[in-house]
Amino acid sequence: MGARRRSIRWPGAAPRIGIALGGGAARGMAHLGVLRVLEEHGFAPDVVAGTSIGALFGGLWAVAGDAVEATERVREFVGSDEYRRTRVEFLKEEGEDSGWAESFSNVLRKGLVLGWTYFRESFISEEDFRHNVEVLLPDLRIEDLRLTFCAVATDLVSRRSVFFRRGALREAVLASGAVPALMPPQRIGHRLLVDGAVTERVPVRALLPMDVDLILAVDVSTEIFESPPLESGAEIITRSKQVTEWHLRQSRLAFCDLVIRPEVADVHWLDFSGALPAVERGAQAMEAALPALERLLLRRRWRVPWRIGAVEQGRRMEEAGLLGEPAEEI
C-alpha cells in the first residue's frame, strides 16, 4: 500500500514525525493499526523508537515498508506450529483480563516460572526466543533500514537504558524484548541486557536527541486502571509497582506532542494468537487522534520562535541531566 502524500502543504520541508512504540506484549498489536492509519493519511513517521514489542513491530514495519504486510506476517506466524512450540501462551490464565504486571505476578506465585528459573535464566529458551525474532525479521543492520530506527533495552550492570541506533537489527530487538524470567537476557560485550520497559516503557526519551519536530507516543499499558482487590500482601506489592511504573511513564509522556492510547485492556498480554483485534483498536485510536495531529502539524507553520514546546523542554532537561542517568548508545 505505502504511504500517501500528506494532505497538508508546507512552504518548506514538512515537519519530521517521530513515534515511540511502547511495551505491552500482545497488546502491542495495536501499534500496527496505529502505523496503518498514519500511512493511509500520509503521516507515516520518519523516525521510530521501540521498546520490547514496540521494537519488534517497529522494526518489522521498517523492514516491510507497509503496515498491512507487517500485520500479515505476524498473523501467519502466530498461527503457525513454529510459534506454538515456544509455549508462551501456556502461561496465560484462562478468563483473566488483568494487566501484565499482575498476570506475571500470579504466574510467579503459582510457581510456573519461579521454580523453573531457579535453575535456568528464563522460561523460554534462547533457541526459541531467537528463532521467533529471526522468523519475523531479516538479517539487516539498523543503519540500512529505510528510516531512522532505535530499539531500547536495559543494562542490568550499569542500570542504564541502552539505545540501539546501529548494528544488527535482530540483536537489538532480542535485547529490547528480553522480559526478565520469561525471555533470556542478552549479553553484548560487558552488558547484560533485558527488556527496555524496565527503564523506558514508552521510549520517548530515545527520540529527544533525534531529528524530529513532533513526537507521537503509543501507550498500550493499562495496569494502573485495573484495580485488584488489594487484600493480600502480594496484591499490594504488585499495585505499588504499578503506581511507580505509571509515574515514570507519565514523566516521559509529558514530552510528547500527542499520546495515543488504544483500548486494549481486555487483551491478555500473552495471548498473541487472540490479540489480532488489537490491530483494529490501534487503528480506531489513531483515527480518533487524527484531528489533533493535523492541528499540531498546522501550528508548526506559525510557531513563535521563542516559544518552547514539550519536545524542546525534554531535550533541554536531558542535556542538563534532569531525566536520570544518561542512556548508553550502541
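Quick caveat: nothing in here was measured; it's all calculated off a predicted structure. (Residues numbered from 1 in each chain as written. Predicted model: local features only at pLDDT ≥ 70, side-chain atom pairs only at ≥ 80, totals over all residues. Heavy atoms only, no water.)

What follows covers the overall build of the protein. If you tally the helices and strands in the protein, you get 12 helices and 9 strands. Within the protein, the fraction of its 330 residues that count as buried is 56%. Looking at the protein alone, contacts between residues at least 24 apart form 78% of all its contacts between residues at least 6 apart. Surface accessibility of the protein: about 14600 Å² in total, with carbon and sulfur atoms responsible for 54%. (Helix = DSSP H or I, 4+ residues; strand = E, 2+ residues; numbered from the N terminus. Buried < 20%, exposed > 50% of the residue type's maximum accessible area, 1.4 Å probe, protein only. Contact = heavy atoms within 4.5 Å. Areas by Shrake-Rupley, 256 points an atom, 1.4 Å probe, with all protein chains shown as cover.)

Looking now at the packing of helix α1 (residues 30–40) against helix α3 (residues 67–78). At a minimum axis distance of 9 Å, the contact between α1 and α3 shows a crossing angle of 160°. Here α3 runs roughly antiparallel to α1, going by the angle between their axes. Like other packed secondary-structure pairs, α1 and α3 cross with a definite hand, here left-handed. Together, L32, L35, R36 and E39 of α1 and A67, V68, A70, T71 and V74 of α3 make up the contact between the two elements. The class makeup of the residues in the contact of α1 with α3 is 6 nonpolar, 1 polar and 2 charged. (Axes fitted to C-alpha atoms, helices over the stretch in contact; angles between N-to-C directions. Parallel < 35°, antiparallel > 145°, perpendicular 65-115°, else oblique. Left-handed = near helix turned anticlockwise from the far one by under 90°. Nonpolar A, V, L, I, M, F, W, Y, C, P; charged D, E, K, R; others polar.)

As a further point, take the pairing of strand β1 (residues 17–21). Counting buried positions over the 5 residues of β1 gives 5, a clear majority of the element. In β1, alternate side chains face the same way, and those of I17, I19 and L21 on one face and G18 and A20 on the other are all buried. Bridge count for β1 against strand β7 (residues 214–218) is 5 bridges, and the pairing is parallel. Across the sheet, the residue bridging to I17 is L214, located in β7. Assessed by its sense of winding, the connection that carries the chain from β1 through α1 to strand β2 (residues 47–51) is right-handed. (Pairing = 2+ DSSP bridges. Right-handed = clockwise from strand over helix to strand, strands pointing away.)

Okay, the nonpolar core next. Residues I19, M29, F164, M286 and L293 are the most contacted members of the largest nonpolar core, which totals 76 residues. Top element by residues in this core is helix α11 (residues 277–299). It accounts for 10 residues. Other than its neighbours up to four places away in sequence, I19 contacts V34, L35, L38, P45, V47, V48, A49, L207, L216 and V218. By size, the runner-up hydrophobic cluster in this structure holds 20 residues, among which are A49, C150, V202 and M210. (Core = buried A, V, L, I, M, F, W, Y, C linked by side-chain atoms within 4.5 Å.)

Any functional reading would require information that these geometric values do not contain.
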